[in-house]
Amino acid sequence: MNESDAEVARALSTIPVRVSRQMTTTEYQFRVAEVLNLFDVEAVGDETGVYYGDEGAELEDQPLLAAIRILIGRRFGIPEAAI
């Protein structure tokens, strides 16, 4: 976890989130990609991970990526294979 990820995790720890259910790894990857696309970050999820467009994710998007992964993981549980 880099410094930016740690800062995002600290900020998000103050937001109460209730786990609704455990997702499979594939569901988790698809959900992360869907949310990233809402923020105009070109992403596609499949069974093996989340992949970004030709240019990849911009450096300024890294805190957003970390926040989305953390919040989705807290809401739906992080599948063991996705860690």
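Each remark here, short or long, concerns the structure printed above.
Presented here is a report on the structure given in the accompanying data block. The structure displayed is predicted, hence computed values, not measured ones.

To continue, consider the overall build of the protein. The helix and strand tally for the protein stands at three helices and two strands. Secondary structure of the protein in N-to-C order comes out as α-α-β-β-α. Over its C-alpha atoms the protein spans a radius of gyration of 12 Å, differing by no more than 12% from the 12 Å that the globule rule assigns to 83 residues. Within the protein, the proportion of its 83 residues that are buried is 30%. Looking at the protein alone, contacts between residues at least 24 apart form 62% of all its contacts between residues at least 6 apart. Carbon and sulfur atoms provide 54% of the accessible area of the protein, an area that totals close to 5,600 Å².

On to the pairing of strand β2 (residues 49-52), then. On a regular strand, each side chain points to the face opposite its neighbour's, so the side chains alternate between the two faces of the sheet. Looking at chain direction, strand β1 (residues 43-46) and β2 are connected through four bridges and run antiparallel. Opposite aspartate 46, over in β2, you have glycine 49 as the bridge partner. Between the end of β1 and the start of β2, which pair antiparallel, lie two residues.

The next subject is the pattern of salt bridges. The tally for this structure, following the rule as stated, stands at one salt bridge. Between arginine 31 and glutamate 34 there is a salt bridge, with the nearest N and O atoms lying 3.9 Å from each other. Taken as a pair, arginine 31 and glutamate 34 lie in helix α2 (residues 25-38) at a separation of three residues, close to a single helical turn. Owing to a relative accessible area of 28%, arginine 31 belongs among the partly exposed residues under this scheme.

A separate point is the packing of aromatic side chains. Considering all chains together, one arrives at zero aromatic pairs under this definition. Between arginine 31 and the ring centre of phenylalanine 76, over which it is positioned, the NZ or CZ distance is 4.7 Å.

Look at helix α3 (residues 62-76): 21 Å from first C-alpha to last across 15 residues, which is about the 21 Å you get at 1.5 Å a residue. For α3, the full list of buried residues reads Leu65, Ala66, Ala67, Ile68, Ile72, Gly73 and Phe76. Trailing α3 by a residue or two, glycine 77 shows a phi angle of about 80 degrees, which is positive.

A word on a negative patch on the surface. Taken together, Glu42, Asp54, Glu55, Glu58 and Glu60 make up a surface patch of like negative charges. Relative to the elements of secondary structure, glutamate 60 occurs in the loop between β2 and α3.

Close contact between α2 and α3 brings their axes to 10 Å; oriented N to C, the two are set at 135 degrees. When the axis of α2 is compared with that of α3, the two are oblique. Pair α2 / α3 crosses with right-handed handedness. Where α2 abuts α3, its residues Tyr28, Gln29, Arg31, Val32, Val35 and Leu36 lie against Leu65, Ile68, Arg69, Ile72, Gly73 and Phe76. Each residue belonging to the contact of α2 with α3 can be placed in one class, and the counts come to eight nonpolar, two polar and two charged.

Analysis parameters
Residues numbered from 1 in each chain as written. Predicted model: local features only at pLDDT ≥ 70, side-chain atom pairs only at ≥ 80, totals over all residues. Heavy atoms only, no water. Helix = DSSP H or I, 4+ residues; strand = E, 2+ residues; numbered from the N terminus. Rg over C-alpha atoms; globule rule 2.2 N^0.38 Å. Buried < 20%, exposed > 50% of the residue type's maximum accessible area, 1.4 Å probe, protein only. Contact = heavy atoms within 4.5 Å. Areas by Shrake-Rupley, 256 points an atom, 1.4 Å probe, with all protein chains shown as cover. Pairing = 2+ DSSP bridges. Salt bridge = Lys/Arg side-chain N within 4 Å of Asp/Glu carboxyl O. Phe/Tyr/Trp six-rings, centres within 6.5 Å; stacked < 30°, edge-to-face > 60°. Lys NZ or Arg CZ within 6 Å of the ring centre and 35° of its normal. Expected span 1.5 Å × (residues − 1). Patch = residues over 30% accessible without salt bridge, like charges linked within 9 Å, V, L, I, M, F, W, Y side chains within 5 Å. Lys, Arg positive; Asp, Glu negative; His and termini not counted. Charge placed at Lys NZ, Arg CZ, Asp CG, Glu CD. Axes fitted to C-alpha atoms, helices over the stretch in contact; angles between N-to-C directions. Parallel < 35°, antiparallel > 145°, perpendicular 65-115°, else oblique. Left-handed = near helix turned anticlockwise from the far one by under 90°. Nonpolar A, V, L, I, M, F, W, Y, C, P; charged D, E, K, R; others polar.

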